[in-house]
Amino acid sequence: DVMFGVDNTLLSRVLDAAVFAPYASTGLSAIDPDLAALVPGNELTPVDFGDVCINYDIAWFADQGIDPPTTLDDLVDPAYRDLLTVENPASSSPGLAFVLATIAQYGEDGWQQYWQRLADNGVEVVDSWDSAYYERFSGSSGAGPRPLVVSYASSPPAEVIFADPPRTDAPTAVMDASCFRQVEFAGVLRGTDHPDEARQLVDFLASTTFQQEVALNLFVWPARTDVAPPAEFTEFATVVDDPLTVSPADIAANRERWVDEWTQLVLR
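About the criteria used
- Per chain, the residues get numbers from 1 upward, laid out in the order the sequence is written.
- For a predicted model such as this one, the threshold for reporting local features is a pLDDT of at least 70, and the threshold for listing and counting side-chain atom pairs is 80 or more; totals across whole chains, interfaces and linings nevertheless cover every residue.
- For side-chain calculations, the full set of non-hydrogen atoms in the structure is used, while hydrogens and water are omitted.
- Helix and strand assignments follow DSSP, with helices taken as H or I runs no shorter than four residues and strands as E runs no shorter than two, numbered in order from the N terminus.
- Whether two residues touch is decided by their heavy atoms; if any such pair falls within 4.5 Å, the residues are in contact.
- Reported accessibility uses the Shrake-Rupley method at a 1.4 Å probe radius. Residues are deemed covered only where the shown protein chains occlude them.
- When charges are tallied, Lys and Arg are placed among the positive residues and Asp and Glu among the negative ones, while His and the ends of the chain are skipped.
- Where a charge sits is defined by one atom per residue type, namely NZ (Lys), CZ (Arg), CG (Asp) or CD (Glu).
- In this text, buried Ala, Val, Leu, Ile, Met, Phe, Trp, Tyr and Cys residues form a nonpolar core when linked through side-chain atoms within 4.5 Å.
- Residue exposure (1.4 Å probe, protein chains only): buried if accessible area is under 20% of the type maximum, exposed if over 50%, otherwise partly exposed.
- Here, axes are lines fitted to C-alpha atoms. For helices the fit covers the stretch in contact, and angles between N-to-C directions go from 0 to 180 degrees.
- Crossings are assigned a handedness: left-handed for a near helix turned anticlockwise from the far helix by less than a right angle, right-handed for a clockwise turn.
- The residue classification treats Ala, Val, Leu, Ile, Met, Phe, Trp, Tyr, Cys and Pro as nonpolar and Asp, Glu, Lys and Arg as charged. All others, Gly included, are polar.
- Expected span of a helix: the number of residues minus one, times 1.5 Å.
- In the sections that follow, a salt bridge refers to a side-chain nitrogen of Lys or Arg positioned within 4 Å of a carboxyl oxygen of Asp or Glu.
- Note on terminology: angles under 35 degrees are roughly parallel, angles over 145 are roughly antiparallel, angles of 65 to 115 are roughly perpendicular, and the others are oblique.
- Note on patches: the residues involved have over 30% relative accessible area and no salt bridge, like charges join within 9 Å, and the nonpolar side chains Val, Leu, Ile, Met, Phe, Trp and Tyr join within 5 Å.
- Only strands joined by at least two bridges in the DSSP assignment are considered to pair.

**Q** Just to check I follow, could you spell out the overall build of the protein chain for this structure?
**A** Across its full length, the protein chain holds 12 helices and 8 strands. Projecting the C-alpha coordinates of the protein chain onto the three principal axes gives extents of approximately 60 × 45 × 25 Å. Looking at the protein chain alone, contacts between residues at least 24 apart form 73% of all its contacts between residues at least 6 apart. Only carbon and sulfur atoms are counted for the fraction: they give 49% of the accessible area of the protein chain, which is about 12,200 Å². For the protein chain, the distance from the average position of its 13 positive side-chain charges to the average position of its 42 negative side-chain charges is 6 Å.

The following block contains the structure:
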């Protein structure tokens, strides 16, 4: 009756296919207008957003006496050779988001050359976020050899919240200039036998009650502007002021080709 979790990388595809029935949620007026504007026909309601970013191991760089990278251009510098792990965009949502970040930064005529330089600089590709973060990343939760990984802007507060033993500082940090914004939506499936109940569920997902829970349970930011993030987010995570974005229409028109081109370039 309801689908929750469609994000902006698939938005145009589901809108073009008329998967969802239009419905203006009772909570829509409190949703960030920039997020709501992505679906002007109200086929979907924004529920949360998060930024996929390069995360780095603070202690590793301090121990090595190397400044952590601050821009995407830095990642192709020989100083950072063999330090970065990314996820395959064909099998991983954050992997796709990072490829889209490079397309947003370097454009249709430049992103392939950028990835060639990343490949020449020893970028490592794995199939999933779990493998990248928990097996290959050297940060607090990982035991791997690489101090740079594609993860989330909310990963540093998660490192504090789940630290054992407890800690009061984040062992990892985020490269803001690398961040690509993901927005998750919920909507009423067209043809449902229970439209009234489905609308009530969408209203609940957009309500203050649910929105207050998303940060510490899903590690994303609430879509409502009247719900403040928890203290752990305020202290250890930042909402990126100017995230990299690609329009849902451009993603829908080019996603498969971009992934195929990336595969041929990086995994050939």
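Next comes the rest of the write-up.
**Q** Which parts of the structure should I look at to understand the environment of D241?
**A** With respect to the helices, strands and loops of the structure, D241 is situated in the loop between α11 (231–236) and α12 (248–266). In sequence terms D241 and D226 are 15 residues apart; their C-alpha atoms lie 18 Å from each other.

**Q** Would you explain the nonpolar core in this entry?
**A** Side chains of nonpolar character tend, in soluble globular proteins, to be buried together. By size, the foremost hydrophobic cluster in this structure holds 36 residues, and its most contacted members are L75, F98, W115 and L118. Elements with a contribution of two residues or more to this core: β3 (45–57), β4 (84–87), α4 (93–106), α5 (111–120), β6 (148–152), β7 (172–189) and α12. Here this core takes 7 residues from α4, the largest share from any one element. Non-local contacts of L118, meaning those with residues more than four positions away in its chain, are made with L75, V76, L84, F98 and V123. Core analysis: the next-biggest nonpolar cluster, separate from the first, contains 25 residues, L11, A36, L44 and C53 among them.

**Q** Mind showing me how you'd approach the packing of α5 against α12 here?
**A** To describe two helices that pack against each other, one gives the angle between their axes and the distance between the axes. Interaxial distance between α5 and α12 falls to 10 Å at its minimum, and their mutual angle equals 35°. Crossing of α5 over α12 shows right-handed handedness. Counting all contacts with α5, which are made through W111, Q112, W115 and Q116, the residues of α12 involved are W258, E261, W262, L265 and V266. Taken together, the residues of the contact of α5 with α12 break down into 6 nonpolar, 2 polar and 1 charged.

**Q** What is the right way to look at α4 in this model?
**A** What sets the pattern is the α-helix's 3.6 residues per turn: residues three or four places apart point alike. Helix length check: α4 (14 residues) gives 20 Å between terminal C-alpha atoms against 20 Å at 1.5 Å per residue, within 8%. By the criterion of burial, α4 is predominantly enclosed, with 10 of the 14 residues buried. If you check which residues of α4 are buried, you get P94, G95, L96, A97, F98, V99, L100, A101, T102 and I103. Where α4 terminates, the next one or two residues include G107, which has phi positive at roughly 80°.

**Q** I keep staring at the pattern of salt bridges and nothing clicks. Help me out?
**A** Opposite charge on two side chains allows them to pair when their charged atoms are near. One pass over the full model with this rule turns up 9 salt bridges. The shortest N-O distance in the salt bridge between R257 and E261 comes to 2.9 Å. Taken as a pair, R257 and E261 lie in helix α12 at a separation of 4 residues, close to a single helical turn. Judged by relative accessible area, which is 26%, E261 ranks as partly exposed. Linked by salt bridges that have partners in common, E108, R257 and E261 make up one network.

**Q** Looking at this model, I keep getting lost on the packing of α4 against α12. Mind explaining?
**A** It is the contact of α4 with α12, at a shortest axis distance of 11 Å, that shows an interaxial angle of 100°. If you check the angle between α4 and α12, you find them roughly perpendicular. When α4 is examined against α12, the residues L96, V99, L100 and I103 are found in contact with a partner set consisting of I251, R255, W258, V259 and W262. A per-class count over the contact of α4 with α12 returns 8 nonpolar, no polar and 1 charged.

**Q** Could you clarify how one ought to interpret a nonpolar patch on the surface in this entry?
**A** On the surface, a nonpolar cluster with roughly 280 Å² of combined accessible area is contributed by I161, F162 and L216. Residue placement: F162 occurs in the loop between α7 (155–161) and β7. With relative accessibility at 59%, the residue F162 sits in the exposed group.

**Q** What is the right way to read the pairing of β7 from this model?
**A** Within a regular beta strand, the side chains point alternately toward one face of the sheet and then the other, so they alternate between its two faces. Along β7, 14 of the 18 residues are buried, which leaves the element largely enclosed by surrounding structure. One ladder, built from 5 bridges, connects strand β1 (residues 2–7) with β7; its direction is antiparallel. When the bridges of β7 are listed, V2 appears paired with V188. As defined by bridge partners, strand β2 (residues 20–21) adjoins β7 across 2 bridges and the pair is classed as antiparallel. What sits directly across from A21, in β7, is V188.

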